[in-house]
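# Examination of the molecular architecture
Take a look at the letters that make up each chain.
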Amino acid sequence: MPTSIKSVLQETRVFQPANAFVEQANISGMAAYQALCSEAAQNYEEYWARLAREHIVWHKPFNTVLDESRAPFYEWFADGELNVSYNCLDKHLATQPEKTALIFEADDSQVIKISYRELHARVCQFANALKSRNIQKGDRVVIYMPMSIEVVIAMQACARIGAIHSVVFGGFSSRSLNERIENAQACAVITADAQFRGGKMMPLKPAVDEALSMGGCDAVHSVIVYKRAGNDVQWNAKHDLWWHDLIDGLPCTCEPEWVGAEHPLFILYTSGSTGKPKGVQHSSGGYLLGTMVSMQWVFDYKPTDIFWCTADVGWVTGHSYVAYGPLAMGATQVIFEGVPTWPDAGRFWKMIQDHQVTTFYTAPTAIRSLIKLGGELPKQYNLSSLRLLGSVGEPINPDAWMWYYTVVGQSRCPIVDTWWQTETGCHMIAPLPGAMATKPGSCTLPLPGIMAAIVNEAGDEVHDQHGGFLVIKRSFPSQIRTIWGNDERYRKGYFPEEMKGAYLAGDSAHRDEDGYFWILGRIDDVLKVSGHRLGTMEIESALASNSLVAEAAVVGKPHEIKGEAIVVFVVLKGSRPKDAATAKQISEILREWVSKELGPIAKPDEIRFGDNLPKTRSGKIMRRLLRALAKGEEITQDISTLENPAILEQLKHVIQ
Ligand code: PRX
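Residues numbered from 1 in each chain as written. Predicted model: local features only at pLDDT ≥ 70, side-chain atom pairs only at ≥ 80, totals over all residues. Heavy atoms only, no water.

If you check an unreviewed UniProt entry, the protein chain appears there as Acetyl-coenzyme A synthetase from Candidatus Nitrotoga arctica. Note on the protein chain: under the UniProt heading Sequence similarities (unreviewed entry), the record states "Belongs to the ATP-dependent AMP-binding enzyme family." (UniProt positions renumbered as here; feature names shortened; annotations may be inferred.)

Structural data, given as structure tokens:
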């Protein structure tokens, strides 16, 4: 951990929400926000219990609220029973069966709309299909699919029967898929023949075939394939089944499996400080509550909204604000298969216009690339349906914020910059848009009941705008329950002793004079590349498995669009390339290697070669020096502990 964290950002602009917005807001004005905060402070458990009773339909009501006896293995509403899919679908059948649940826009612009009634029927039918394969409560099901109505059906159907899904982003490689199937000991994989993105067909099924052939996946007895593209696929009669064949003739009703509130709803793998991704395990009751209150408070959800979160369901944002939160609220939402830049950089704006989107939630990296490709393009579309904009996944730089605010939101729509994590399940620090003023680049204040704070290495709270580690002092309902199969990694990683029982988020932050939070970045070896979370160790171990590589170290450097770029320092087993052509050739081999091992999102941006890496006398790689080199900074740090100072000169240069 760094010993001192300084903030260099000076941003003084403040934007008050318009009166018209405040008047209609679910949480209207700061007093309303503060009233909720005091309610939580006065009786924490009763506060969450009230919200849980109001938002969730319980099959069996809970009596205990928070059980801290096995901390940090917290339990919420543990003796209550519910079904998440019931809360997302059945609940709406009596009141709004014909309301559109999903507006799916395919890569080629074809639009399919589906009502709550139809979605319920299709989820039930697919749930019956899973049951026909003997998939039961507690079984793990890996989902590796494109953005589609079917992926939502697959997730909801798992929830309906109490199976635990683990969605793997379609951009991950077969090796990553294999690791996740093996770690979760999944018994089934749901996939598609291919996906379409940017006018191109990209096969998915071959990656599943390859993943299963890599070993460790013996528990998989069913591979269910949704026919999206109609491309030729290899067929393994032992376990491959077409989605459409499997559901054929099955009933469209399916009694939900009632589960305890602590029953795991899903596992989602994410990167940490080690070479192996960790399976973040979420609960049913607490998680659902988190997604619902944040829809209500942060997205100021109204039944007339057309909600669009652009995240893929492979990430937590696509779980909480595509597959669960909006459906639990009974919203109409847009789901998009394609990419924002195809057929041109006006795609998002055209879709907002066509579908009359009111609430638009995307990532800073998308905003920055759209500014670059067509900063004036939003003006060609009618964006007057928009009333609220959101940002997620990484810090949004004030310039991008201002463009989003003035050009997309036409200075009318508040921006909710939402800080949260795979582990937190829902927004933690974010504006309640009808209550608080926003400042470009700040995620503002914690949600009522979220006890966020900034502490020093000793776990003591810091004040007066000093930077430090972001922690959450008390357990909250939507928090991670454990790392799948690794309680110890969960306890050590998130609740280290020096944090005195607080949840350590892994980010550094500071608060300004108004108490607003400003996120400074990660404190561990985790990069945020285009908003995707990647562990430097994962990339390093992928590189180390290449026969050319003796040793590799990975660091991040700032990137105008992606937020961070991946820079790799490599020592080859053979000699260091001396000319540009050889360096280029080997770089390409290694970039492709990482892409194949982990997925294209992890492809290094830059590779530098040295005879060695800067190390201390005890052999530890001095990453802070590598970070400075990657950024092209002069080395001003103390290098007295460095074993081999001459190496710095060599690594300074990119051979071109
Ligand atoms: O570093 C923070 C950054 O993303 C990390 C969490 O990544 P992940 O689990 O992939 O979840 C992303 C979607 C919630 C955090 O530790 N981060 C996320 N949102 C913000 C952010 N950094 C600054 N501002 C944000 N709004």
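The share of residues in the protein chain with pLDDT of 70 or more is 98%, and the mean pLDDT across the chain is 95. Taken element by element, the protein chain is modelled with least confidence in helix α19 (residues 646–652), mean pLDDT 87, and with most confidence in helix α6 (residues 149–161), mean pLDDT 99. (pLDDT = per-residue confidence, 0-100. Helix = DSSP H or I, 4+ residues; strand = E, 2+ residues; numbered from the N terminus.)

What follows concerns the UniProt feature "binding site: Mg(2+)" (unreviewed entry) in the protein chain. Under the present numbering, the feature "binding site: Mg(2+)" (unreviewed entry) in UniProt falls on V549. Topologically, V549 is positioned in strand β28 (residues 549–559). Overall, V549 belongs to the buried group, its relative accessible area being 2%. (Buried < 20%, exposed > 50% of the residue type's maximum accessible area, 1.4 Å probe, protein only.)

So, on to the site of the ligand. Residues in close proximity to the ligand total 17 residues, the closest being D417, T418, T422, D507 and R533. The contact in question runs from a nitrogen atom of the ligand to an N or O atom on the backbone of T418, over 2.8 Å. Contact between the ligand and Q421: an oxygen atom at 3.0 Å from a side-chain N or O atom of the residue. Protein contacts shield 95% of the accessible area of the ligand, which totals 540 Å² for the unbound molecule. Put simply, the parts of the chain that give the shell around the ligand at least two residues each are α11 (316–329), β20 (415–418) and β25 (517–522). Grouping the constituent residues of the shell around the ligand by class yields 6 nonpolar, 5 polar and 6 charged. (Near = heavy atom within 4 Å. Polar contact = N/O pair within 3.5 Å; in protein donor to acceptor, adjacent residues only side chain to side chain. Areas by Shrake-Rupley, 256 points an atom, 1.4 Å probe, with all protein chains shown as cover. Nonpolar A, V, L, I, M, F, W, Y, C, P; charged D, E, K, R; others polar.)

This brings us to the pairing of strand β19 (residues 388–392). Summarising burial for β19: 5 of the 5 residues are buried, a large majority. Relative to β19, strand β18 (residues 359–362) is paired through 4 bridges, and the arrangement is parallel. Paired with F360 across the bridge in β19 is L389. Considered for its hand, the β-α-β crossover made up of β18, helix α13 (residues 364–374) and β19 is right-handed. Taken together, the 4 bridges between β19 and β20 define a ladder with parallel strand orientation. Each bridged residue has a counterpart across the sheet, and for V392 the counterpart in β20 is T418. (Pairing = 2+ DSSP bridges. Right-handed = clockwise from strand over helix to strand, strands pointing away.)

Attention now moves to the UniProt feature "modified residue: N6-acetyllysine" (unreviewed entry) in the protein chain. Under the present numbering, the feature "modified residue: N6-acetyllysine" (unreviewed entry) in UniProt falls on K620. Structurally, the position occupied by K620 is in the loop between β30 (606–609) and α18 (623–630).

The 4 strands are arranged β21-β22-β24-β25 in an open sheet whose pairing can be described as antiparallel. Unpaired on one side and paired on the other, β21 (452–455) and β25 mark the two borders of the sheet. The average undirected angle you get between the axes of adjacent strands in this sheet is 45 degrees. One ladder, built from 5 bridges, connects strand β24 (residues 503–511) with β25; its direction is antiparallel. Its bridge partner being in β25, R511 is matched across the sheet by F517. (Axes fitted to C-alpha atoms, helices over the stretch in contact; angles between N-to-C directions.)

On to the sheet that holds β18, then. Spatially, β5-β4-β17-β16-β18-β19-β20 is the arrangement adopted by the 7 strands of the open sheet, whose pairing is mixed. Only two strands of the sheet have a single partner each, and these edge strands are β5 (111–115) and β20. When the angles between neighbouring strand axes are averaged without regard to direction, this sheet yields 20 degrees. Here strand β16 (residues 306–309) runs beside β18; their pairing, made up of 3 bridges, is parallel. Opposite F307, over in β18, you have T359 as the bridge partner. Its contacts with the sheet place helix α12 (residues 347–355) against β4 (100–105), β5, β16, β17 (332–336) and β18, and it is angled at close to 150 degrees to β17. (Contact = heavy atoms within 4.5 Å.)

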